[in-house]
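Structure at a glance
The lines below spell out each chain.
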Amino acid sequence: MSGRQSRFETGDDVVVMKFGGTSVENAAAVRRLIGIVRSRAGVQPVVVVSALRGVTDQLLEAGNAAARGHLGEALAGVRKVYVRHEQLADSLVEGSANGALDRELRSEFQALEALLHTLEASRHLDSKSQDGLLGFGECFSSRLVKEALSEAGIKAAHVDARSCIVTDAHHGQARPVWDVTEERLQQFLRPLLASGLVPVLGGFIASTADGVPTTLGRGGSDFSAAIVGAALGAARIEIWTDVDGVMTTDPKLCSEARVIRKMSFDEAAELAQFGAKVLHPATLGPAMRENIPVYVLNSRRPEGAGTEITTRARSGKLVSAITAKRDVVAVEIEPAQALDSELLRAAYAVFDRHSCPVDIMETSLGRMSFLVGSTAALPGIAADLRVLAEVRCENHKALVCLVGENIRRQPDVASRAFAAVADLDVRVICQGASDRTISFLVEESKVEESVQRLHGVFFPLPEPVRDWGGSSSAFCQAG
Ligand code: ADP
Ligand code: ASP
Ligand code: MG
């Protein structure tokens, strides 16, 4: 990035605050968001919002129904989404502002209905029209949140992220064209900030240079916040979510998960890459490049310290966290002749051609295994690979991963981990990942058990501290 100014003329620091789906899911959540933005005296907030919780999935369902020819079902689905927004608008915004918001939401809704009619006629939902469809969630939520902030007396301005974040045409997983994006974000946001307004943008959405809507991939609002933060030289990027920070593992998998107070960009990026949904994997890139600290915070408990992610911070643990990535397919290929780099290159080219990123690759006993996320392109990939070798696909796998600085150089980590899960029919996979991970392939049904056992080994609960009265308490924070 070039020519970036790190501070605005007013001298205030820009803080990009991203609120995820649960942090805008209903009136109580939006009121908490307003309280959090209001508490930021002396800084210049930029707010990035996700769609209301569940909306992106509902839009996807409606699109699939329309493409199958079930237009009635599709329209009924999006009407529910619209009514939810209308009701939320009614409980947050009054008077003429409510009327204006109502008109905006209705016009978005009509465009959404028109798109479903087109999908029904074409009987096809490709990644390009899917991007157009899914983006409606953030279009609705960002307009609503802007108006709710204004109603609460916080001067705000809606900014269409599709006019500022310019990407390639890789629909479903578009990547920003940095120079144009940076220029546009500065051009759109700087005057608003200079006049004391809080810009509100929808996360996840962007467009190509020709104005065709794109998205940054599921969970991509975190990445949007990082893009905006990097372009503006923000002082910090805050990811407001429904957990107390980045934790030693997904608390939904293991109730003993603890908050990691500090970690490095590298550690966090690795965690996100290997399935910790709390951060979109691309988020740390722009922040790291511009050296902007990222904080992960709980919008339901804004007073908590959360997790601080910076260049120098370290979790201080050998194993900083355990992640799990579900829905993994192991594609095994066994060539008739010996394995060589030529064959490896050809195999990678097949995955590339089908735009299917390979998570990990291992070679053993004349066999290559590629781990990929489950994808509709799999039959095509297998057919192309069969030209090269015998192919076998194993579904319903999951990748459980231990993450930590230099963890691979500590021989006892792998052996302790393996001892904990050996009876669960696991395979240890090490190749293809960095020095910071040790990965296991397990049956999807064994994910919880594997994670809980590994967590017990690497994050044992401290001995209860007995006080004189005989009661006990447990210290509950990691790092
Ligand atoms: P948002 O809607 O705010 O973007 P997400 O659902 O995308 O929230 O991410 C938050 C969720 O990530 C948490 O509810 C938690 O279940 C999950 N998660 C997975 N791994 C971790 C982890 N290591 N630390 C914290 N949360 C995690
Ligand atoms: N709404 C989008 C999704 O559900 C993006 C996001 O929430 O970050 O994937
Ligand atoms: Mg998310």
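Anyway, here's the lowdown on the structure attached to this text.

**A look at the packing of aromatic side chains**
One pass over the structure, following the stated rule, counts five aromatic pairs. Between the aromatic rings of F351 and F370, the centroid separation amounts to 4.9 Å while the plane-to-plane angle is 35°, which identifies the pairing as tilted. Of this pair, F351 sits in helix 12 (residues 341-353) while F370 is found in strand 15 (residues 367-373), placing the two residues 19 residues apart along the sequence. For the pair F418 and F440, a centre-to-centre distance of 6.5 Å together with 5° between the ring planes defines the contact as stacked. Placement of the pair is F418 in helix 14 (residues 411-421) and F440 in strand 18 (residues 437-443), with a sequence separation of 22 residues. Exposure remark for F418: the relative accessible area of 34% places this residue in the partly exposed category. The buried category is assigned to F440, whose relative accessible area is 2%. Grouping aromatic residues by their ring pairs yields a cluster made of Y348, F351 and F370. Between the NZ or CZ atom of R236 and the centre of the ring of Y295, over which it lies, the distance is 3.9 Å. Above the plane of the ring of W178 lies R289, whose end atom (NZ or CZ) is 4.7 Å from the centre.

**What to know about the site of ligand 1**
Contacts to ligand 1 come from 17 residues, most closely from T241, M247, D250, K252 and K277. A distance of 2.9 Å is found between an oxygen atom of ligand 1 and a side-chain nitrogen or oxygen belonging to D242. The backbone of M247 places a nitrogen or oxygen atom 2.8 Å from a nitrogen atom of ligand 1. Notes on ligand 1: free accessible area 570 Å², of which the protein chains cover 90%. Its residues assigned to classes, the shell around ligand 1 shows seven nonpolar, five polar and five charged.

**Observations regarding the site of ligand 2**
The immediate surroundings of ligand 2 are formed by S50, A51, T56, E138, F204, R218, G219, G220 and S221. E138 is positioned such that a nitrogen or oxygen atom in its side chain is 2.7 Å from a nitrogen atom of ligand 2. In this structure, G219 approaches ligand 2 through a main-chain N or O atom, which is 2.8 Å from an oxygen atom. Considered on its own, ligand 2 offers 260 Å² of accessible surface; in the complex 86% of this is hidden by protein.

**A short note on the packing of helix 8 (residues 178-194) against helix 9 (residues 221-232)**
The relative placement of two packed helices is expressed as an angle between their axes plus a distance between the axes. Contact pair helix 8 / helix 9: the axes reach a minimum separation of 9 Å and the direction vectors enclose 75°. Classified by the angle their axes make, helix 8 and helix 9 are roughly perpendicular. Counting all contacts with helix 8, which are made through W178, T181, E182, L185, Q186, L189 and L193, the residues of helix 9 involved are I227, V228, A231 and L232. Class assignment of the residues belonging to the contact of helix 8 with helix 9 gives a composition of eight nonpolar, two polar and one charged.

**Brief notes about the sheet that holds strand 4 (residues 166-167)**
Pairing in this open sheet of three strands is mixed, and the strands run 4-6-7 from one edge to the other. Two strands lie at the open edges of the sheet, namely strand 4 and strand 7 (213-215), each paired on one side alone. Bridging between strand 4 and strand 6 (residues 205-208) involves two bridges; their strand directions are parallel. Counted as the bridge partner of T167 is T208 from strand 6.

**Comments concerning the pattern of salt bridges**
Applying the stated criterion to the full structure yields 30 salt bridges. For D266, the salt bridge is made with R436, and the minimal N-O distance between the two is 3.4 Å. Linking D266 in helix 10 (residues 265-273) with R436 in the loop between strand 17 (427-429) and strand 18, this pair joins segments that are 170 residues apart in sequence. Between R301 and E303 there is a salt bridge; the shortest N-O distance is 3.9 Å. Under the relative-accessibility criterion, E303 is labelled exposed at 64%. Through salt bridges that share partners, E332, E334, R367, R392, E394, K397, R427 and E443 make up one connected network.

**Observations regarding the environment of A231**
With respect to the helices, strands and loops of the structure, A231 is situated in helix 9. Residues A231 and S142 lie 89 residues apart in sequence; the distance between their C-alpha atoms is 20 Å.

**Considerations on the packing of helix 3 (residues 71-92) against helix 6 (residues 136-151)**
At their nearest, the axes of helix 3 and helix 6 sit 10 Å apart, and the two run at 5° to each other. As summarised for this structure, helix 3 and helix 6 are arranged roughly parallel, according to the angle between their axes. Of the residues in helix 6, those touching helix 3 at V81, H85, L88, A89 and L92 are F140, S141, L144, A148 and E151. Residue composition of the contact of helix 3 with helix 6, grouped by class: seven nonpolar, two polar and one charged.

**As for helix 14**
The periodicity of an α-helix, 3.6 residues per turn, causes residues three or four positions apart to be oriented the same way. Turning to helix 14, its buried residues are V413, A417, A420 and V421. When helix 14 is viewed along its axis, its buried side chains cluster within an angular range of 80° and face the same direction. Pointing more than 90 degrees away from the buried face of helix 14 are the exposed residues P411 and A419. If you follow the buried residues of helix 14, they end up packed against strand 16 (390-403), strand 18 and helix 15 (447-458).

**Considerations on unusual backbone geometry**
Its identity is not glycine, yet F204 carries a phi of approximately 75°, on the positive side. Mapped onto the fold, F204 is located in the loop between strand 5 (198-202) and strand 6. Of note in the backbone geometry, D327 takes a positive phi value of approximately 60° without being a glycine.

Cut-off values and rules
- Residues numbered from 1 in each chain as written.
- Chains lettered and ligands numbered in written order.
- Predicted model: local features only at pLDDT ≥ 70, side-chain atom pairs only at ≥ 80, totals over all residues.
- Heavy atoms only, no water.
- Phe/Tyr/Trp six-rings, centres within 6.5 Å; stacked < 30°, edge-to-face > 60°.
- Helix = DSSP H or I, 4+ residues; strand = E, 2+ residues; numbered from the N terminus.
- Buried < 20%, exposed > 50% of the residue type's maximum accessible area, 1.4 Å probe, protein only.
- Lys NZ or Arg CZ within 6 Å of the ring centre and 35° of its normal.
- Near = heavy atom within 4 Å.
- Polar contact = N/O pair within 3.5 Å; in protein donor to acceptor, adjacent residues only side chain to side chain.
- Areas by Shrake-Rupley, 256 points an atom, 1.4 Å probe, with all protein chains shown as cover.
- Nonpolar A, V, L, I, M, F, W, Y, C, P; charged D, E, K, R; others polar.
- Axes fitted to C-alpha atoms, helices over the stretch in contact; angles between N-to-C directions.
- Parallel < 35°, antiparallel > 145°, perpendicular 65-115°, else oblique.
- Contact = heavy atoms within 4.5 Å.
- Pairing = 2+ DSSP bridges.
- Salt bridge = Lys/Arg side-chain N within 4 Å of Asp/Glu carboxyl O.
- Arc of directions from axis to C-beta.

Just distances and angles here, no functional claims.
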